[in-house]
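# Understanding the architecture of this molecule
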Amino acid sequence: GYADETFFKVDGKEILNRQGIPVVIKGLGLGGWFMPEGYMFRMPGGYGPTAIREKITELLGASQADQWFELFRDNYVREDDIIAMKEWGVDHIRIPFHYDIFYDKNSETFIEKGFERIDQVLIWCKRRRIDVILDMHAAPGGQGYNADISDYDSSKPSLWESVENQDKLVALWGKIAERYKDNEWIGGYDLINETNWALPNGTLLRQVFERITEAIREVDQNHIIFIEGNDYANNFSGLVPPWDDNMVYSFHKYWSSVNADDLDWILPLQERYDVPLWMGESGENSNTWYTKSIELYENNNIGWNWWAMKKVGDIDSPYSIKMNDGYQNILNYWKGEASKP
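Rules behind the numbers
- Residues numbered from 1 in each chain as written.
- Predicted model: local features only at pLDDT ≥ 70, side-chain atom pairs only at ≥ 80, totals over all residues.
- Heavy atoms only, no water.
- Helix = DSSP H or I, 4+ residues; strand = E, 2+ residues; numbered from the N terminus.
- Buried < 20%, exposed > 50% of the residue type's maximum accessible area, 1.4 Å probe, protein only.
- Contact = heavy atoms within 4.5 Å.
- Areas by Shrake-Rupley, 256 points an atom, 1.4 Å probe, with all protein chains shown as cover.
- Lys, Arg positive; Asp, Glu negative; His and termini not counted.
- Charge placed at Lys NZ, Arg CZ, Asp CG, Glu CD.
- Expected span 1.5 Å × (residues − 1).
- Arc of directions from axis to C-beta.
- Axes fitted to C-alpha atoms, helices over the stretch in contact; angles between N-to-C directions.
- Parallel < 35°, antiparallel > 145°, perpendicular 65-115°, else oblique.
- Left-handed = near helix turned anticlockwise from the far one by under 90°.
- Pairing = 2+ DSSP bridges.
- Right-handed = clockwise from strand over helix to strand, strands pointing away.
- Polar contact = N/O pair within 3.5 Å; in protein donor to acceptor, adjacent residues only side chain to side chain.
- Salt bridge = Lys/Arg side-chain N within 4 Å of Asp/Glu carboxyl O.

### Let's talk about the overall build of the chain
For the chain, the count of helices and strands is 11 helices and 15 strands. Judged by the C-alpha coordinates and their principal axes, the chain covers about 60 × 45 × 40 Å. Each of the 341 residues in the chain was classed as buried or not, and the buried ones make up 53%. Here the contacts in the chain between residues at least 6 apart in sequence split such that 71% fall between residues at least 24 apart. Surface exposure of the chain reaches about 14,800 Å², of which carbon and sulfur atoms provide 49%. A distance of 4 Å separates the average location of the 34 positive side-chain charges in the chain from that of its 55 negative side-chain charges.

Shown next, in the form of structure tokens:
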């Protein structure tokens, strides 16, 4: 039988499931849902979440745009998707979110509706026995120079240039942990996605990670925390040794070879610090490459998560969303090739 009241946890180099059995987790990322990125929707290059909202608002007007986003979030991922993923053999999903799902920066208040959306996913996942890893994909201020991924606005201070933004991030993780501390379908918390900033020796990165960890641990000792390095989760300088005993280092791997020695840069972390690794995001590639990747990770006892479950008009994700003429007209308009629909 299942021991439903227990949690995934770290034991040396292993991640243990609820039964205390070592597992290599296999999952998919629900990119685009709570964090739209322009390229997934065939929009012109560089459209990040704020730009997308501005463009849709310009088309629909503010109140209809708000309504549109609510409908989009209601429909882009549904229980059917969870059922499908379970049938494919997926055991966990990573949910990337923009912090503004949970926090209104204008009124400086938390948004209950955002938490309710996660509650709903957790109900679906409980029914299907799938675990959820929550991923802060765009932190307050933005954690990378690339607006399309982190929603950074170069006219405002980034996460790293503003203690206020850092405080917000810490408070938000504290709030998330408080809400989900006892939820056994949370596999863990992925604290900051793909930092991409000049942070000498990783000092500030570690400080912020430690502050978040402290805020989480004040209310939640149950869940794994996943730590991504700088340079798109590939640079762990300053982030060792581990500062928590229920912690996993997470790296991402895109557009690089998948030969037997291609993890030699990260495997020493696992050995030296007796800590698990998780390949938390990769994809956008060929079937052959995917197959070789899985061999590489699993031969080294590393779990993986593919990016992303679905995109518009694409062949490298499990689902491809069909384009229609109306949407194509809007894209043409945004690309400056047609008048406003």
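Once you've had a look at it, read on.
### Things to note about helix H2 (residues 62-75)
With 14 residues, H2 extends 20 Å from end C-alpha to end C-alpha; this agrees with the ideal 20 Å at 1.5 Å per step. Where H2 is concerned, the buried positions are Ala65, Phe69, Phe72 and Arg73. An end-on view of H2 places all buried positions within 95° of arc, on one side of the element. Summarising the geometry of H2, the exposed residues directed more than 90 degrees from the buried face are Ser63 and Gln67. Buried residues along H2 sit in contact with helix H1 (49-60) and helix H4 (112-128).

### Concerning the packing of H4 against helix H6 (residues 163-180)
Orientation of H4 relative to H6, taken along the N-to-C sense of each, is 45°, at an axis distance of 12 Å. Comparing the axis directions of H4 and H6 gives the class oblique. For the pair H4 and H6, the sense of crossing is right-handed. On H6, the residues touching Glu112, Phe115, Glu116, Ile118, Asp119 and Leu122 of H4 are Lys175, Ile176, Arg179 and Tyr180.

### Focus: the environment of threonine 109
Of note, threonine 109 is situated in strand S7 (residues 109-110). A relative accessible area of 38% places threonine 109 in the partly exposed class. Sequence-distant contacts of threonine 109, that is, excluding residues within four places in its chain, are made with Phe102, Tyr103 and Asp104.

### Some words on the sheet that holds strand S5 (residues 92-98)
The strand order S4-S5-S8-S9-S10-S11-S12-S13 describes a closed barrel built from 8 strands, whose pairing is parallel. Here the average twist between neighbouring strands, direction ignored, is 25°. The pairing of strand S4 (residues 26-29) with strand S13 (residues 303-307) spans 3 bridges and is parallel. Bridging from a neighbouring strand, lysine 26 pairs with tryptophan 304 of S13. Where helix H7 (residues 203-219) meets the sheet, it contacts strand S9 (186-190) and strand S10 (224-228), and its direction lies at approximately 170° from that of S10.

### Re the pairing of S10
Of all 5 residues in S10, 5 are buried; the element is thus mostly enclosed. The side-chain alternation of S10 yields two buried faces, one formed by Ile224, Phe226 and Glu228 and the other by Ile225 and Ile227. Relative to S10, S9 runs parallel, the two being bridged by 3 bridges. Residue glycine 188 lies in a different strand from S10, and its bridge partner there is isoleucine 224. With H7 bridging S9 and the parallel S10, this β-α-β connection has right-handed handedness. Across 4 bridges, S10 lies against strand S11 (residues 247-252) in parallel orientation. Looking across to S11, one finds that isoleucine 225 is bridged to methionine 247.

### Observations regarding the side chain of aspartate 244
Its place among the elements puts aspartate 244 in the loop between helix H8 (230-233) and S11. A polar contact is formed between the side chain of aspartate 244 and the side chain of arginine 217, at a distance of 2.9 Å. There is a polar contact of 2.8 Å between the side chain of aspartate 244 and the backbone nitrogen of asparagine 246.

### Digging into the sheet that holds strand S1 (residues 9-11)
Here 3 strands make up an open sheet; going across it, the order is S1-S2-S3 and the pairing antiparallel. One side of each edge strand has no neighbouring strand; the edge strands of this open sheet are S1 and strand S3 (22-23).

### A few points about the pattern of salt bridges
On inspection of all chains with the given rule, the structure shows 24 salt bridges. Between arginine 179 and aspartate 119 there is a salt bridge, with the nearest N and O atoms lying 2.7 Å from each other. Of this pair, arginine 179 sits in helix H6 while aspartate 119 sits in helix H4, and the two are 60 residues apart along the sequence. If you follow the salt bridges from partner to partner, you end up with Glu70, Arg73, Asp74, Lys113 and Arg117 in one network.

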